[in-house]
Amino acid sequence: MNHYTGNVLLDSLIVSARDRPHDEAVIEAKTGRSLSFHELLVCATDAGRSMVASGAEPGGNVVTTGSLDLDFVVACFGAFSENITPALLDPNSSENTLRQCIGELQATVWVTTSKLDETLGLTHFDPTGVASATTTDEIGQRWSPTCDVLDPILMLYTSGTTGIPKGVPWASRELASQIRYYSAATQIKTEFCLFPHLALVAIAIGRTAVLPDVTTLQPLRIPIESVHAQMVEHGCDYVFASPLVWDRMVRFLDESGRDAPPIKIAATAGSALSGRLIERISAALPNTTVRIPFASTEAVMPITVIDAPEFVFLSGTRTYAGAGVPLGAVADEMAVAVVPTEFDERDFSIHRFSLPPKEVGEIVVTGSRVTRTYFHRPDVERHAKLRDVVTERVWHRTADLGYIDEEGRLWFVCRKKDVIRIAGGGDLYPDSLEQMWNMATGASISAVVYSEPSDELFYVLPADSVAEVDEFVLNLQADRAGVPRPIVVRLSTSLPADVRHNSKVDRPSVLRIVQSQRDANEVARG
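The structure reproduced in this document is the subject of the present report.

Cut-offs used in this document
Residues numbered from 1 in each chain as written. Predicted model: local features only at pLDDT ≥ 70, side-chain atom pairs only at ≥ 80, totals over all residues. Heavy atoms only, no water. Core = buried A, V, L, I, M, F, W, Y, C linked by side-chain atoms within 4.5 Å. Buried < 20%, exposed > 50% of the residue type's maximum accessible area, 1.4 Å probe, protein only. Helix = DSSP H or I, 4+ residues; strand = E, 2+ residues; numbered from the N terminus. Contact = heavy atoms within 4.5 Å. Pairing = 2+ DSSP bridges. Axes fitted to C-alpha atoms, helices over the stretch in contact; angles between N-to-C directions. Parallel < 35°, antiparallel > 145°, perpendicular 65-115°, else oblique. Nonpolar A, V, L, I, M, F, W, Y, C, P; charged D, E, K, R; others polar. Salt bridge = Lys/Arg side-chain N within 4 Å of Asp/Glu carboxyl O. Left-handed = near helix turned anticlockwise from the far one by under 90°.

1. Quick notes on the nonpolar core
Phase 1: Membership of the largest hydrophobic core comes to 69 residues, with the highest contact counts inside it found for Leu9, Leu40, Phe77 and Ile203.
Phase 2: For this core, the leading source of residues is helix α3 (residues 70-81), giving nine residues.
Phase 3: Among all residues touching Leu9, those that are not within four sequence positions of it are Phe77, Phe80, Ile153, Leu175, Ile179, Leu200, Val201 and Ala204.
Phase 4: Phe192, Trp246, Leu273 and Phe412 belong to the second largest nonpolar core, which has 52 residues in total.

Now the structure itself:
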């Protein structure tokens, strides 16, 4: 019998179901229910047949949204079993954005537990109960190759912070590389999953994926006390979470006096991380390895990796002086370079365009975890995917600015779109400045914004910030870094975040609030 389909996520499940049939593949914290690898495969094959019966087409896409629960996981593996690609869309996106993405996908079925808008023209496949709907304990499936290593098996959409979200197809090539990388951590048995796609990968690695009992995965709205209890009860050897989730967890542990959850590796990302936050996470989780991988939707985790001790040391010695955020050494099977922000893309050669160490430019990446296309977006692909005319390797433009230091470590200074161009000439990198001043104040989160009409630079803190501000020190840092001295502003609220994630700071909104707050103060002074 041929057990291999070409889909690395499904093939890995098939192998685990054969070799470790009774081991737990996934646990749902809400109900305490679990599925073994064998049970998951049996339920998935049934769900896949039902999906096809509802109108889903093998070789095509299905729109997939909903809660991260057993039914979601079974539905995704069910799609894989019929050579159908789940396209994970964010239901928090605007209606217009969802309609455009759905139109691109040319899908006939939407997998969701929510009520479907009939005007979308899709068949509703409700996955409720697919994790318990099987009528047999046998798989009854003869597996055969259905896809190539470069065929898409899972699709994620970018955040859309720079425009309409872009579909990024992930193939077995990229996901197999990620599975190889993370399989090396053999001490990890359970993974507490706060991102839907990470649950699928965790199961493929052979870990037990723990699905949290939450109504939202947005970092500022996750119930931290409940999540802490779920981690303790169900397992959390590995946890990848946003910086805001870790900040809230550290505060909860400090205020409640509870013991730290038994996490072996705590990972976080976001290219602009606070060194002070990493210090606090490390102190709150003394028996945990705190790790910072760098990645993007188009370059599957990790591109680079740095652990807390090195990150904290470099933050204290270099970030404090305005050098940016350390991202660390390049991970296995990947390569990075820094190139000018503008050049002739038709004649690209990494040898010709690579900038020397410590010179800021755009970070580009290549390797077996870098995706090669966008879905039906040739215009974006032409710009973002650079084919080396000498080696034929594809390099992805990250739209992140940074540099490589004299020891080969990658550093981040800001997103390309966020560069501040000040009156009189010159560029400022807001992420770099935020982390420089955060090192002095102890802030975990802040925003640096610039008012062009008044030619003023603001260092903005939320109302609940623990920052201790000494303006003399901030000015000294600014003078040494050769940047304008900041005006410190503490808001009466939290920092506004983008609507989709509720985590990334919305700098344009911050500037509007700062200006409004200053205008109100002027009126009050008469």
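Still more ground to cover, so stick around.
2. A look at the sheet that holds strand β7 (residues 152-157)
Phase 1: In space, the six strands of this open sheet follow the order β6-β5-β3-β4-β7-β8, with mixed pairing throughout. In the strand order of this sheet, the two ends are held by β6 (123-125) and β8 (167-171), each with one partner. Mean inter-strand twist for the sheet, computed between neighbouring axes without regard to direction, equals 30°.
Phase 2: Alignment of strand β4 (residues 85-88) against β7, held across two bridges, turns out to be parallel.

3. Concerning the packing of helix α1 (residues 8-19) against α3
Phase 1: Relative to each other, α1 and α3 sit at 105°, their axes nearing to 9 Å. Between α1 and α3, the angle falls in the class roughly perpendicular. Facing Leu9, Leu10 and Leu13 of α1, the residues of α3 in contact are Phe77, Phe80 and Ser81.
Phase 2: The class makeup of the residues in the contact of α1 with α3 is five nonpolar, one polar and no charged.

4. Description of the side chain of Asn475
Phase 1: When you line up the elements, Asn475 lands in helix α14 (residues 471-481).
Phase 2: Owing to a relative accessible area of 17%, Asn475 belongs among the buried residues under this scheme.
Phase 3: The contact partners of Asn475, leaving out residues within four places of it in the chain, are Arg485 and Pro486.

5. With respect to the sheet that holds strand β24 (residues 456-461)
Phase 1: Taken in spatial order, the three strands line up as β23-β24-β25 in an open sheet, and their pairing is mixed. Two strands in the sheet have a free side with no partner beyond their single neighbour: β23 (447-451) and β25 (487-490). Strand-to-strand twist in this sheet, taken as the mean axis angle between neighbours without regard to direction, amounts to 30°.
Phase 2: Alignment of β24 against β25, held across four bridges, turns out to be parallel. In the sheet register, Phe458 faces β25, and the bridge partner there is Ile487.
Phase 3: Contacts between helix α13 (residues 430-441) and the sheet are confined to β23 and β24, with β24 contributing the most and set at about 55° to the helix.

6. What to know about the pattern of salt bridges
A side chain with one charge can pair with a side chain of the opposite charge if their charged atoms come near.
Phase 1: Scanning the entire structure with this criterion turns up 34 salt bridges.
Phase 2: Arg251 serves as the salt-bridge partner of Asp247, at 3.5 Å between the closest nitrogen and oxygen. You can see Asp247 and its partner Arg251 sitting in helix α8 (residues 243-256), four residues apart, about one turn around the helix.
Phase 3: A salt bridge links Arg507 to Asp431; the nearest nitrogen and oxygen atoms lie 3.0 Å apart. Placement of Arg507 in helix α15 (residues 507-525) and of Asp431 in helix α13 is noted, with a sequence separation of 76 residues between them.
Phase 4: Since its relative accessible area comes to 15%, Arg507 is described here as buried.
Phase 5: One connected set of salt bridges, linked through shared partners, spans Glu310, Arg318, Asp405, Glu406, Glu407 and Arg409.

7. Let's talk about the pairing of strand β13 (residues 289-296)
Phase 1: Both strand β12 (residues 265-268) and β13 contribute to a ladder of three bridges, which runs parallel. Across the sheet, the residue bridging to Ala266 is Val290, located in β13.
Phase 2: Looking at chain direction, β13 and strand β14 (residues 299-307) are connected through five bridges and run antiparallel. Bridging from a neighbouring strand, Ser296 pairs with Ala299 of β14.

8. Some details on the packing of α1 against helix α2 (residues 37-53)
Phase 1: The contact between α1 and α2 brings their axes to 8 Å, and the two run at 130°. With respect to α2, the element α1 is oriented oblique. α1 and α2 meet at a crossing whose hand is left-handed. Note on element contacts: α2 touches α1 through Phe37, His38, Leu40 and Leu41, opposite Leu10, Leu13, Ile14, Ser16 and Ala17.
Phase 2: Residues that form the contact of α1 with α2 fall into these classes: seven nonpolar, two polar and no charged.

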